[in-house]
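# Coordinate analysis (summary)
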Amino acid sequence: MYKVLTYDNIAVTGLERLPRDRYEVASEIQHPDAILLRSFDLKGVTIPDSVRCIGRAGAGVNNIPVADCSRRGIPVFNTPGANANAVKEIVVAGMLLAARHICEAWDFTRSLAGDDAALAQAVERNKKNFVGTELAGKTLGVLGLGAVGVGVANAAVSLGMNVTGFDPALTVERAWQLSAAVSRAGSTDDLIAHADFISLHVPLNGETRNMIDAGRLGSVKKGAVLLNFSRAGIVDEVAVRAALEHDRLSAYVSDFPTARLMGVKGTILLPHLGASTVEAEDNCAVMIADQIRDFLENGNIRNSVNYPTVEMPRCHPHRIGVANENIPNMVSQISAALGEAGLNILELLNKSRGEYAYTLIDLDTEVPPAVLDRIANIRGVLSVHPLLAHRP
Ligand SMILES: NC(=O)C1=CN([C@@H]2O[C@H](COP(=O)(O)OP(=O)(O)OC[C@H]3O[C@@H](n4cnc5c(N)ncnc54)[C@H](O)[C@@H]3O)[C@@H](O)[C@H]2O)C=CC1
Ligand SMILES: O=C(O)CCC(=O)C(=O)O
């Protein structure tokens, strides 16, 4: 049986892709082969030696110690684009909440009492306090044109907004998806200085932490709206608070409430709801379950954030997967260990990505444990796993 340890709620539709006669899936389990999670912070957890892969049902992997996993030969998978539509829709909602003062207006309405005539009178007398602005004709700046950013940019174009975007590593695939009406900002600073609405869609990493800081907030258009459905750490919240208090920003719409921003005028804080739709949860769970299953059973790697894509059709019963450092002589040493044991290689696929590489090898017979040990002890080999067509 394969053992899968889950953190967070993973949609049943996805878990059902792991057949119960071959997979034990539980939130408490000894010696797991795989870990399946959403936003649970795995950084403070000791990952057992038995773990062969980690699956993130979602996009962001800042909750996973990816560098450590890489060094241990553990691929980390995510589900690119699987929840992007859900986030796109909530960002549009966020712009409307801010532009039309819907939260304050709703609070006001809920405070009313009386008969219909009294309600109508209070409504008509007070609605002037909630006059908003329309999105059409305003400029939206989208920072990060990945799965979510492109969706947000295109939706805003269809709402009549002028949209500008910036992404120094825009992929060809995303460029094809992006509306031709979206203009290219010259830089992050350029985007921030000219937008009425600024929406952040970059991953949280060393480069993006606190990228929206006091300096940048000092250059926003007065009364701009900042939307953060990416991660709290992308903004310097002390600077955001000051920008709200000095009316530099009229609103900060964020999916990540933090103590410093609670109750601050102009904040609209949501409980990390971006991907919380039935559709997104199903999409992410199905995609990640399929990916970890294909890895555990066939060694195939698809949508890993730290190892190369390596996919080889399964035509032979005996296969091993080897993760190794991307250094000279690895494949020759691995094939020598197999050859010297009298094992014949039928197919071999080796791919590298940065400092790491991964090799799939199909053989004519099963690889004995002593040979697996010998491969595991080659300097630079990080993990080696037999991939049985049918695990007992
Ligand atoms: N609130 C929620 O529930 C959700 C939040 N997210 C967050 O949104 C982020 C983006 O998600 P996706 O669009 O699916 O990821 P993605 O990987 O498709 O797109 C991220 C884009 O950001 C770009 N980028 C990276 N550094 C940049 C920089 N310094 N300046 C400009 N662009 C930069 C990348 O080139 C890439 O195109 C995730 O990393 C996650 O943190 C994602 C899904 C749900
Ligand atoms: O699983 C969730 O609800 C959070 C989704 C998210 O933040 C992501 O995909 O990066």
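None of these values were measured; they are calculated from a predicted model.

## Some remarks on the site of ligand 2
If you check the shell around ligand 2, you find Arg38, Ser39, Gly58, Ala59, Gly60, Asn83, His272, Gly274, Ala275 and Ser276 and nothing else. Its residues placed into classes, the shell around ligand 2 shows 2 nonpolar, 7 polar and 1 charged.

## Overview of the site of ligand 1
The environment of ligand 1 is made up of 32 residues, and the closest members are Gly60, Gly144, Gly146, Pro203 and Gly274. Those elements that provide at least two residues to the shell around ligand 1 are α3 (84-99) and α6 (147-158). With 3 residues, α6 is the largest single contributor of residues to the shell around ligand 1. A class-by-class count of the residues in the shell around ligand 1 yields 16 nonpolar, 12 polar and 4 charged. Residues from two domains meet in the shell around ligand 1; each of domain 1 (1-83 + 278-307) and domain 2 (84-269) gives at least three.

## What about the pairing of strand β10 (residues 224-228)?
The buried fraction of β10 is high, at 5 of 5 residues. Neither face of β10 is left uncovered, since the one carrying Ala224, Leu226 and Asn228 and the one carrying Val225 and Leu227 both have all their residues buried. Of the strand pairs in this sheet, strand β9 (residues 197-200) and β10 are connected by 4 bridges, and their pairing is parallel. Residue leucine 200 lies in a different strand from β10, and its bridge partner there is asparagine 228. Examined bridge by bridge, β10 and strand β11 (residues 249-254) share 5 bridges and lie parallel to one another. When the sheet's bridge partners are listed, leucine 227 is paired in β11 with valine 253. In this fold, β10 hands off to helix α10 (residues 237-245), which returns the chain to β11; that crossover is right-handed.

## A short note on the nonpolar core
Counting 105 residues, the largest nonpolar core has Val225, Leu227 and Leu249 as its most contacted members. If you tally residues by element for this core, the top one is helix α11 (residues 278-298), at 9 residues.

## Considerations on unusual backbone geometry
In this structure, histidine 101 takes a positive phi of about 50° despite not being glycine. By the element assignment, histidine 101 lies in the loop between α3 and α4 (102-111). In the Ramachandran plot, histidine 272 falls in the positive-phi region, its phi being about 45° despite a non-glycine side chain. Within the secondary structure, histidine 272 sits in the loop between β12 (267-269) and α11. What makes histidine 272 partly exposed here is the crowd of 16 C-beta atoms within 10 Å.

## Here's the deal with the sheet that holds strand β15 (residues 356-363)
Strand order in the open sheet formed by 4 strands is β14-β15-β13-β16, and the pairing between neighbours is antiparallel. Unpaired on one side and paired on the other, β14 (345-353) and β16 (381-388) mark the two borders of the sheet. Shown here is a sheet whose adjacent strand axes are inclined to one another by a mean of 15°, direction ignored. On the sheet, helix α12 (residues 330-340) packs against β13 (318-325), β14 and β15 and is oriented at approximately 30° with respect to β15.

## Overview of the packing of α12 against helix α13 (residues 369-376)
At a minimum axis separation of 10 Å, α12 and α13 run at an interaxial angle of 160°. By the angle between their axes, α12 is roughly antiparallel relative to α13. At the point where α12 passes α13, the crossing takes the right-handed sense. The segment α12 lies against α13, with Ile334, Ala337 and Leu338 engaging Val371, Arg374 and Ile375. Here the contact of α12 with α13 is composed, by residue class, of 5 nonpolar, no polar and 1 charged.

## Comments concerning the sheet that holds strand β3 (residues 34-37)
An order of β2-β1-β3-β4-β5 is seen for the 5 strands of this open sheet, with the pairing classed as parallel. If you trace the sheet from one side to the other, it starts and ends with β2 (23-26) and β5 (76-77), each paired once. Relative to β3, strand β1 (residues 2-6) runs parallel, the two sharing 3 bridges. Residue pairing for β3: leucine 5 is matched across the bridge by isoleucine 35. Packed on one face of the sheet, α11 meets β1, β3, β4 (53-56) and β5 and runs near 170° to β4.

How each quantity is defined
- Residue numbers restart at each chain and count upward from 1, following the sequence in its written direction.
- Lettering of chains starts at A and numbering of ligands starts at 1, both following the order in which they are written.
- For this predicted model, a pLDDT threshold of at least 70 governs which residues receive local features, and a threshold of 80 or more governs which side-chain atom pairs are given and counted, while totals over whole chains, interfaces and linings are taken from all residues.
- Put plainly, near means the residue's C-beta atom, positioned from the backbone, lies within 6 Å of the molecule or strand in question.
- Here the term charged refers only to Asp, Glu, Lys and Arg, the term nonpolar to Ala, Val, Leu, Ile, Met, Phe, Trp, Tyr, Cys and Pro, and the term polar to all other amino acids, Gly among them.
- To qualify as a helix, a DSSP run of H or I must reach at least 4 residues; to qualify as a strand, a run of E must reach at least 2; elements of each kind are numbered from the N terminus.
- By convention here, the domain bounds are inherited from an automatic or database domain assignment.
- Here a residue counts as buried when 20 or more other C-beta atoms fall within 10 Å of its C-beta, as exposed when 12 or fewer do, and as partly exposed in between; the C-beta atoms come from the backbone.
- Strands pair, by our definition, only if DSSP identifies at least two bridges between them.
- For the handedness criterion, the strands are oriented away from the viewer, and a crossover whose path from the first strand over the helix to the second runs clockwise is classed as right-handed.
- By definition, a nonpolar core groups buried Ala, Val, Leu, Ile, Met, Phe, Trp, Tyr and Cys residues that are joined through C-beta atoms within 7 Å.
- Each axis is a line fitted through C-alpha atoms, taken for helices only over the stretch in contact, and angles between the N-to-C directions span 0 to 180 degrees.
- Contact between residues is assigned whenever the C-beta positions, reconstructed from backbone atoms, fall within 7 Å.
- Angle categories: roughly parallel below 35 degrees, roughly antiparallel above 145, roughly perpendicular from 65 to 115, and oblique for all the rest.
- By definition, turning the near helix anticlockwise from the far helix through less than a right angle yields a left-handed crossing, and turning it clockwise yields a right-handed one.

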